[in-house]
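The lines below spell out each chain.
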Amino acid sequence: MSLALSHCFCRMLFRQTAPSSFLPREHHHIVLSPWFAPVMTLKTSAPLRAEPKKKKKADPRRELQLRERLKKRLKKLEKVPSQFIPIEDFITPAKCLDETRERSTPKLSFEESEGRALLLKEWSRYKKKQHMAEVQAIELALKAQREALEELKLESEELYQAALMQDPLLFPFTHEGPAYTPPKTDYEAPDGKFNDITKVYTQ
């Protein structure tokens, strides 16, 4: 009975996997392939013989050795003096310390040097005259002011005292001071656009 059933089962499989007469010959290899078999045929997948890896038991001796090594490394780092991060702004570049790197002064002709010297003397004389004229104008104004105040004092003491008072409208100036309000805690000041070239030092 079992032998007859097996023969029948094999015939059914052979018929289902047989190439169809409706397909051209060039597609027969697709039907015969186990990956492109009809839906009704039996399908089998490749056997998977993988198994989960067994976790290795932690060795307490090994963990103690690792801890002791870490402690020794920490002690060595504590013995080494701490190195300060260099500030590049305070370090002069080596190319600037080269004494042979000097800028040669342009050589002027005799006529050019004499012309510059005469021009400088003429400029100094002009500035001296300008300064003396300003000093003389200030002295004349102060002298006239003193004489006017003396004459005003003889005429009226009240007008004299009023003339000595400062005039707040002479130089109109208004200024509003900062507002006494608490700063915003969540305010972030804008830094603007910049390229961060800060070097990161690790110890």
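Since the model is a prediction, treat every value here as computed from it, not as a measurement.

**Q** Break down a negative patch on the surface for me, with residues and values.
**A** Judged by side-chain charge, Glu-147, Glu-150, Glu-151 and Glu-155 come together as a negatively charged surface patch. Position of Glu-150 relative to the elements: it lies in helix H4 (residues 110-155). We classify Glu-150 as exposed; its relative accessible area is 55%.

**Q** Explain the packing of aromatic side chains to me, and be specific about the residues and the numbers.
**A** All told, the structure shown has one aromatic pair when counted by the stated rule. Centroid distance Trp-123 to Tyr-126: 5.7 Å. Interplanar angle 35°. Geometry classified as tilted. Remark: Tyr-126 and Trp-123 occur in helix H4; sequence separation between them is three residues, near one turn of the helix. The exposure class of Tyr-126 is partly exposed, given its relative accessible area of 47%.

**Q** An account of a positive patch on the surface is requested, with residue identities and associated values reported.
**A** Together, Lys-56, Arg-62, Arg-67, Arg-69, Lys-71, Lys-72, Arg-73, Lys-75, Lys-76 and Lys-79 make up a region of like positive charge exposed at the surface. The topology assignment puts Lys-75 in helix H3 (residues 60-79).

**Q** Please provide a residue-by-residue account of the UniProt feature "coiled-coil region" (unreviewed entry) in the protein chain, values included.
**A** When the UniProt feature table is mapped onto this chain, "coiled-coil region" (unreviewed entry) is found at residues 128-162. With 97% helix and 0% strand, residues 128-162 has its two end C-alpha atoms placed 38 Å apart.

**Q** Report on the confidence of the model for the protein chain, specifying residues and quantitative values.
**A** With 74% of its residues at a pLDDT of at least 70, the protein chain reaches an overall mean of 77. Here residues 16-32 is modelled with pLDDT under 50, and outside its nearest four sequence neighbours on either side it reaches 16 contacts, counting other chains as well.

**Q** Got a sec to walk through the pattern of salt bridges? Specific residues and values, please.
**A** Scanning all chains against the criterion turns up two salt bridges. Put simply, Glu-112 and Arg-116 hold a salt bridge, and the shortest N to O gap is 3.3 Å. Pair noted here: Glu-112 and Arg-116 are both in helix H4, with a separation of four residues, about one helical turn. Under the relative-accessibility criterion, Glu-112 is labelled partly exposed at 37%. The salt bridge partner of Arg-125 is Glu-122, with a shortest N-O separation of 2.7 Å. With Arg-125 and Glu-122 both in helix H4, this residue pair falls three residues apart, about one helical turn. Since its relative accessible area comes to 47%, Arg-125 is described here as partly exposed.

Conventions used here
- Residues numbered from 1 in each chain as written.
- Predicted model: local features only at pLDDT ≥ 70, side-chain atom pairs only at ≥ 80, totals over all residues.
- Heavy atoms only, no water.
- Patch = residues over 30% accessible without salt bridge, like charges linked within 9 Å, V, L, I, M, F, W, Y side chains within 5 Å.
- Areas by Shrake-Rupley, 256 points an atom, 1.4 Å probe, with all protein chains shown as cover.
- Salt bridge = Lys/Arg side-chain N within 4 Å of Asp/Glu carboxyl O.
- Lys, Arg positive; Asp, Glu negative; His and termini not counted.
- Charge placed at Lys NZ, Arg CZ, Asp CG, Glu CD.
- Helix = DSSP H or I, 4+ residues; strand = E, 2+ residues; numbered from the N terminus.
- Buried < 20%, exposed > 50% of the residue type's maximum accessible area, 1.4 Å probe, protein only.
- Phe/Tyr/Trp six-rings, centres within 6.5 Å; stacked < 30°, edge-to-face > 60°.
- UniProt positions renumbered as here; feature names shortened; annotations may be inferred.
- pLDDT = per-residue confidence, 0-100.
- Contact = heavy atoms within 4.5 Å.

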